[in-house]
4 protein chains.
Amino acid sequence: MAMVCLSDFEAYAKKYLPKIAWDYFAAGADDCTTRDENILAYKRIRFRPRVLRDVSVMDIRTKILGSEISFPVGIAPTGFHQLAWPDGEKSTARAARAMNTCYIASTYSTCTLEEIAAAAPGGLRWFQLYIHRNRAASQQLVRRAEALGFQGLVLTADLPYTGKRRDDVRNGFRLPPHMKVKNLERAFEVCKMSLLDPSVTWNDIYWLRSLTRLPIIIKGILTREDAELAVRHGVQAIIVSNHGGRQVDEGPATIDALAEVVEAVRGRVEVYVDGGIRKGSDVLKALALGAKCVFIGRPALWGLAYRGEEGLQDVLRILQDEFRLSMALAG
Amino acid sequence: MAMVCLSDFEAYAKKYLPKIAWDYFAAGADDCTTRDENILAYKRIRFRPRVLRDVSVMDIRTKILGSEISFPVGIAPTGFHQLAWPDGEKSTARAARAMNTCYIASTYSTCTLEEIAAAAPGGLRWFQLYIHRNRAASQQLVRRAEALGFQGLVLTADLPYTGKRRDDVRNGFRLPPHMKVKNLERAFEVCKMSLLDPSVTWNDIYWLRSLTRLPIIIKGILTREDAELAVRHGVQAIIVSNHGGRQVDEGPATIDALAEVVEAVRGRVEVYVDGGIRKGSDVLKALALGAKCVFIGRPALWGLAYRGEEGLQDVLRILQDEFRLSMALAG
Amino acid sequence: MAMVCLSDFEAYAKKYLPKIAWDYFAAGADDCTTRDENILAYKRIRFRPRVLRDVSVMDIRTKILGSEISFPVGIAPTGFHQLAWPDGEKSTARAARAMNTCYIASTYSTCTLEEIAAAAPGGLRWFQLYIHRNRAASQQLVRRAEALGFQGLVLTADLPYTGKRRDDVRNGFRLPPHMKVKNLERAFEVCKMSLLDPSVTWNDIYWLRSLTRLPIIIKGILTREDAELAVRHGVQAIIVSNHGGRQVDEGPATIDALAEVVEAVRGRVEVYVDGGIRKGSDVLKALALGAKCVFIGRPALWGLAYRGEEGLQDVLRILQDEFRLSMALAG
Amino acid sequence: MAMVCLSDFEAYAKKYLPKIAWDYFAAGADDCTTRDENILAYKRIRFRPRVLRDVSVMDIRTKILGSEISFPVGIAPTGFHQLAWPDGEKSTARAARAMNTCYIASTYSTCTLEEIAAAAPGGLRWFQLYIHRNRAASQQLVRRAEALGFQGLVLTADLPYTGKRRDDVRNGFRLPPHMKVKNLERAFEVCKMSLLDPSVTWNDIYWLRSLTRLPIIIKGILTREDAELAVRHGVQAIIVSNHGGRQVDEGPATIDALAEVVEAVRGRVEVYVDGGIRKGSDVLKALALGAKCVFIGRPALWGLAYRGEEGLQDVLRILQDEFRLSMALAG
């Protein structure tokens, strides 16, 4: 089977992953409307192709928060990579470094931050965190990440409670016994989502700011009002995200929300977007609408499921080739 | 089979109810366009999710016409509950009381008002009525309901004649011999829809007013013009309803008509809506568009069909959980 | 099989008619887009239902060009009724008279005008004609119709050439040997569509006018420009029609063109519409948009195919009942 | 099997061509959205049919760049005709001449320009070219075409790199060993797409102008900006084209881009369009929107696949008949 486009990896993962893992990665909230809308919205955006421009040399490198990456596609934070590949987040870290891009490691990793850092020394990595009821635990995680050379803190803002993903409920989803949410083992006796603090507000950004010198990137913004609040509370960057359609169903597609956020922000902070990226032309559309970079979630997992770090590199390489070609053809 | 969302109850009911009963409950007028549109219209309404708000404590109780209910979802009037569960409306009454919400008992119940009242003493109940050619009969029903502690009168305004529900015609739908429209047994020798009076007009509201001290809620309003007339004729509340798409086909979805009615009413009376509620997020949308409360029709019947009063409680509990989660996630 | 709505007759006809006959009646030009659009366009039009109006007595009779009919639905001209039922147009004439409505007999009938007139003496009938290259032949047809008591002349304006109906080409459609286009036998040695004169223009209305005292109804108008021309050339009525989608594909649905024509005409002549009527509510929509009456084509043929004149009466009776119910429920 | 419309030829070709050839001809870039949109966009354009106009005589001839053709449909440049029929482009040339229309021979022909010219002496032909890295090679091709009596040079502007056609990648598409891109054999040792020069800009039009007296037609324009540039750089005509949806996916359908280009050009050069033409009415729509002529790509290949030059003539004859009928019926 030739892997020609990202859908090929999706088909592979659907076929070969255990159903409970596939369902978990694929899950959307409620009717999965927003999950699917993330993709459909890209299709509604049309190019105006220009011709006869010299496209013999193209530079697709970019910088995010000052760090250069080989092309404007990073790895979004997703949990439980060992469900996709035995080496889990270690493979993800290696693939990201090999492709010279940024990997946002999730709090809900099945490898520790230390293992991730050791797997690919020198790679550009950010750490995604939730704020827990036990603030000391969150604080400890931040300090660990900073000490390990992670270069950004991504605060996920859209998960005061977990969205209702019906298949996970039906499957009674839980990690297999041999996998653990290792980052939290040190801090908590038990790992439960309910450790998340639903009373978190914008003021907690200031608290987070006080803990670390790392730039703070806020993830989960979908409106101009919240974008303005984010800027005012001093974040360094925004990821326009709806958590892959796993939290609020029937909200906007991220690519549709992007323009609103970019306009509100007026260049004061960098804006990224995740959700629904399936082709190089999607990347180009996001950039044309004002994103500095995009992040991929599920496609990274499909790449892992296909062949670990090599599979993820395949995914990134295809996106890179498609992105370059789209730039050339669209003029 | 895990019951995770209301569609699961629908699937169960479709599988296990006798076809003639399923068809009767599912029926829509003509091409069923409006029945289906009630649901599709909710999907077209999109949230603008806000983040980082303190959602650790949420109060979802509300009051309708002065009575507190545990959350803004009541039971709409539907007929013939014994078709769904042997105990019929008695189970419905018990489930509504258990969940501390309002049950609108239909004239076309298969239990008497007295049986319903006795099944769940102290529950909040309204009585739905049609005006019959024999006004004395209608008068008697009103007085019985009032005497039994029903706290509101719901006048259905959209059924001068019964809509054309093709499957019911094909099935030759009629109640099985052991079921009866018991409320009407005392008043009429035979029970026929043609006892309904198609010459009823707005002036009959005054007549109804003269019979009772109960608040009058008018059900079946879809336009600003009729909303204005309802207010002027002194009703206490309006239920925006198209009778579940069983009367006029190709009219508006109720959620689309709601905004128009709310605007016309300008807060002078309470406005509720029924039709198409399938998820907690639908409830939130209806409230965001100005409804004080919503009522569910078919989903209540599916709950009954699944496991009587327990099944209906399951349905209400799922809606309640989903509604609370939607509020939290949408900020 | 209970015949509950017009679709039931369609299903019957599709099942029991010879394929070549079904295909001929069902045919649309090219991709059949306009044929199907005629129906879809009705579905896009929505009612604003009003309630609590006295609908106990409704008068659904109307007058077209001064003649009273029992309800505003007549029989549009269609050819070759013997393909649907052995007695052909004689059955059609009898059913129309029984239901007290108007039947427009086609030039391409398989019974003569004389047979049609004799089958149902006293019925309200109009005669549909094309203008042939041999004007004397057309003149003779007009005089025959007038002498036989036909009370209107319907000039079809949209068939300078026959549209491309692919299935008819594939089937090599032609009448079976025992059927004939009898009206043309006297006038022509052979019956070929190519006898139609593609050079006919508006001036030929004057010529037609000079031949007869009968009112002239022009059929096939879809634009305000042509509606204005029709009025100026002295026709008595207009049928907004696209020939059931059998001539120009990808033109407007008739119900969409109706408003434009009604507005242009400003009440100077009566306006009717055909194409896509499948339910009583469609009739109500057409009337609400300004039509004085509608005409049904294919549904009449399905009625004939089901059970000759009785079947056609069934079709008309269902439409009548549905129309009356729609009026009551829409207020 | 009767060949009634172009879809019949498509079905035939899909059934009888080798899969690798069918896939190559059918291929669109990425998700094939634009390829399919080319067709769907025609369907969204609606006629306003006029009646009672004298359509007994219609002249459907036209002139493109001064040369008369029998009707406004030519053959767009497509590669590798021997994949469809053994005689390849020789058959295409003969069919075009027989139907008295224009054939644009592709650089990527499997016959030489000399063979094409010899196959149908006197036919109206243009030559399509890309500009290669080796300018001398391109120059030589231009001179050969001019010497052989080709009457126009069509410069394809939308292929700095080849679009990503997934099926071709999966199939590992390459010509069978017995076929060759003969035009390029003389000039290059090997034939590779990468010989195309992605640094070509508008200034190269001047270079091309300096090589030949032939009119230059630029193919691949989709925006008003590029249309204006084309006029300013002195081309004689524009073909609005998206390469059959094989280059940029999710750009505009050509018929949608046409109006913008026509408006920008303001009659200074002739404008043609290709992509999505499947019926005579499509031709009429393109002309109504300002095109002087249309060109067909895949349908010509289906005609060849069906029966060589006769099959292609069948395709052209059907389009011609449909176009004439559409003109008559639309008034």
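Position numbers for residues start from 1 in each chain and track the written sequence from start to end. Written order decides the labels, with chains lettered from A and ligands numbered from 1. Residue-level local features of this predicted model are given only where pLDDT is at least 70; pairs of side-chain atoms are given and counted only at 80 or more, and the full residue set underlies all totals for whole chains, interfaces and linings. Side-chain calculation: all heavy atoms of the structure are included, whereas hydrogens and water are not.

Brief notes about the relation of the copies chain C and chain B
All copies are superposed by least squares; the fitting set is the C-alpha atoms of residues with a pLDDT of at least 70 in both. Superposition of chain C onto chain B requires a rotation of 90 degrees combined with a translation of 0.0 Å along the rotation axis, giving an RMSD of 0.0 Å. The transformation relating the two chain copies, once decomposed into turn and shift, fits a four-fold axis. When each C-alpha of chain C is compared by its distance to the rotation axis, R44(C) comes out closest, at 12 Å.

A short note on the packing of helix α3 (residues 33–44) of chain B against helix α11 (residues 254–265) of chain B
Residues and elements named next belong to chain B. Contact geometry of α3 with α11 gives a least axis separation of 7 Å together with a crossing angle of 70 degrees. In terms of orientation, α3 and α11 fall into the roughly perpendicular class. Residues E37, N38, A41, Y42 and R44 of α3 lie in contact with α11, whose contacting residues are T254, I255 and D256. Under this grouping Gly is polar, as are all residues other than the nonpolar Ala, Val, Leu, Ile, Met, Phe, Trp, Tyr, Cys and Pro and the charged Asp, Glu, Lys and Arg. Tallied by class, residues from the contact of α3 with α11 come to three nonpolar, two polar and three charged. Whenever a helix is involved, its axis is fitted only over the stretch in contact; in every case the axis is a line through C-alpha atoms, and angles between N-to-C directions fall within 0 to 180 degrees. Under the DSSP-based scheme used, a helix requires at least four consecutive residues in state H or I and a strand at least two consecutive residues in state E, with every element numbered from the N terminus. Orientation categories follow fixed angle ranges, with anything under 35 degrees roughly parallel, anything over 145 roughly antiparallel, 65 to 115 roughly perpendicular, and all other angles oblique. The contact criterion used throughout is that any non-hydrogen atoms of two residues lie within 4.5 Å.

Here's the deal with the interface of chain C and chain D
Opposite the 36 residues of chain C that make contact, chain D presents 27 residues. Here the quantity called buried area is the accessible surface, traced with a 1.4 Å probe, that two parts lose on coming together, added over both. Summed over both partners, the interface of chain C with chain D buries about 2,700 Å², with 57% contributed by carbon and sulfur atoms. Between Lys or Arg on one side and Asp or Glu on the other, a salt bridge is scored when a side-chain nitrogen of the former is within 4 Å of a carboxyl oxygen of the latter. Linking chain C with chain D are twelve salt bridges. A salt bridge links E322(D) to K164(C); the shortest N-O distance between them is 2.8 Å. Any N or O atom pair separated by 3.5 Å or less is treated as a polar contact, with the protein-specific requirement of one donor-capable and one acceptor-capable atom, and with residues adjacent in sequence counted only for side-chain atom pairs. Our enumeration of links across chain C and chain D arrives at 15 residue pairs in polar contact (both at pLDDT 80 or more). For the side of chain C that touches chain D, the secondary-structure elements that each account for two or more residues are α3 (33–44), α7 (166–171), β7 (216–221) and α10 (224–232) of chain C. Top element by residues in the side of chain C that touches chain D is α10(C). It accounts for four residues. Its residues assigned to classes, the side of chain C that touches chain D comprises 14 nonpolar, nine polar and 13 charged.

Overview of the pattern of salt bridges
All names here are of chain B. All chains considered together, the criterion is met by 128 salt bridges over all chains. Residue R166 pairs with D31 through a salt bridge whose shortest N-O separation is 2.9 Å. Here R166, found in helix α7 (residues 166–171), pairs with D31, found in the loop between α2 (19–26) and α3; they are 135 residues apart in sequence, far enough to count as distant. On the basis of relative accessibility, which here comes to 11%, the residue R166 falls in the buried class. Residue burial is assigned from relative accessible area. The probe radius is 1.4 Å, only protein chains are included, and a residue is buried under 20% of its type maximum, exposed over 50%, and partly exposed in between.

Observations concerning helix α1 (residues 6–16) of chain C
Of the residues making up α1(C), those classed as buried are L6(C), D8(C), F9(C), Y12(C) and A13(C). Looking straight down α1(C), one finds that the buried residues subtend no more than 155 degrees of arc, so they occupy a single side. Among the exposed residues of α1(C), those pointing more than 90 degrees away from its buried face are K14(C) and K15(C). If you follow the buried residues of α1(C), they end up packed against α7 of chain B together with α2 (19–26) and α13 (298–330) of chain C. Here the arc refers to the set of directions running from the helix axis out to each C-beta atom.

Quick look at the pairing of strand β9 (residues 270–274) of chain C
Residues and elements named next belong to chain C. Of all five residues in β9, five are buried, a share of seventy percent or more. Residues E270, Y272 and D274 line one face of β9 and the alternating positions V271 and V273 line the opposite face, and both faces are buried. In this analysis, strands are considered paired if DSSP registers two or more bridges between them. Strand direction decides the pairing type here: strand β8 (residues 237–240) and β9, joined by four bridges, are parallel. Directly across from A237, in β9, lies its bridge partner E270. Note on handedness: a clockwise path from strand one over the helix to strand two, with the strands aimed away from the viewer, defines a right-handed crossover. With respect to chirality, the unit in which β8 leads through helix α11 (residues 254–265) into the neighbouring parallel β9 is right-handed. In terms of strand pairing, β9 meets strand β10 (residues 293–296) through three bridges, oriented parallel.

Observations regarding the side chain of K285(D)
Relative to the helices and strands, K285(D) resides in helix α12 (residues 280–288). Judged by relative accessible area, K285(D) falls into the buried class, the value being 2%. Within polar-contact distance, the side chain of K285(D) engages the side chain of E250(C) at 2.3 Å. If sequence neighbours within four positions are ignored, K285(D) has contacts with E250(C), Y42(D), K43(D), I45(D) and F47(D).

A short note on the interface of chain C and chain B
Contact with chain C, which involves 27 residues of that partner, is made by 36 residues of chain B. Summed over both partners, the interface of chain C with chain B comes to about 2,700 Å²; 57% of that surface belongs to carbon and sulfur atoms. For chain C, the biggest contributors to the area lost against chain B are R48(C), L52(C) and L329(C); these three give 26% of the whole. Counting across the interface, chain C meets chain B through twelve salt bridges. At the boundary of chain C with chain B, the tally comes to 15 residue pairs in polar contact (both at pLDDT 80 or more). For the side of chain C that touches chain B, the element with the highest residue contribution is α13(C), accounting for six residues.

A short note on the packing of aromatic side chains
One pair of aromatic rings is described through two measures. These are the centre distance and the angle between the planes. Ring geometry is summarised as follows: Phe, Tyr and Trp rings, the Trp one being its six-membered ring, pair when their centres sit within 6.5 Å, and such pairs are stacked at plane angles under 30 degrees, edge-to-face over 60 and tilted between the two. Here the structure, examined in full by the defined rule, presents 52 aromatic pairs over all chains. Centre to centre, the rings of F80(B) and Y108(B) are 6.3 Å apart; their planes meet at 85 degrees, and the pair counts as edge-to-face. Of this pair, F80(B) sits in the loop between β3 (73–75) and α4 (89–98) while Y108(B) sits in the loop between β4 (103–105) and α5 (113–119), placing them 28 residues apart in sequence. Assigned by exposure class, F80(B) and Y108(B) land together as buried. Centroid distance Y108(D) to Y130(D): 5.5 Å. Interplanar angle 55 degrees. Geometry classified as tilted. Here Y108(D) is found in the loop between β4 (103–105) and α5 (113–119), whereas its partner Y130(D) is found in the loop between β5 (125–129) and α6 (135–147), with 22 residues between them in sequence. Assigned by exposure class, Y108(D) and Y130(D) land together as buried. Three or more aromatic residues joined by ring pairs form one cluster here, namely Y24(A), F25(A), F80(A), Y108(A), Y130(A) and F173(A). The rule is short: NZ of Lys or CZ of Arg within 6 Å of the ring centre and within 35 degrees of the ring normal puts a charge over the ring. The ring centre of F150(D) lies 5.7 Å from the NZ or CZ of R125(D), which sits over that ring. In this arrangement the basic side chain of R135(D) is found over the ring face of W207(D), its NZ or CZ atom lying 5.4 Å from the centre.

Focus on helix α10 (residues 224–232) of chain B
When α10(B) is considered as a whole, its buried residues turn out to be D226(B), A227(B), L229(B), A230(B) and V231(B). Of the surrounding secondary structure, the elements contacted by the buried residues of α10(B) are β7 (216–221), β8 (237–240) and α11 of chain B.

Some points on the arrangement of the chains
Between chain A and chain C there is no contact; the minimum C-alpha to C-alpha separation amounts to 23 Å. Between chain B and chain D there is no contact, and the shortest C-alpha to C-alpha separation is 23 Å.

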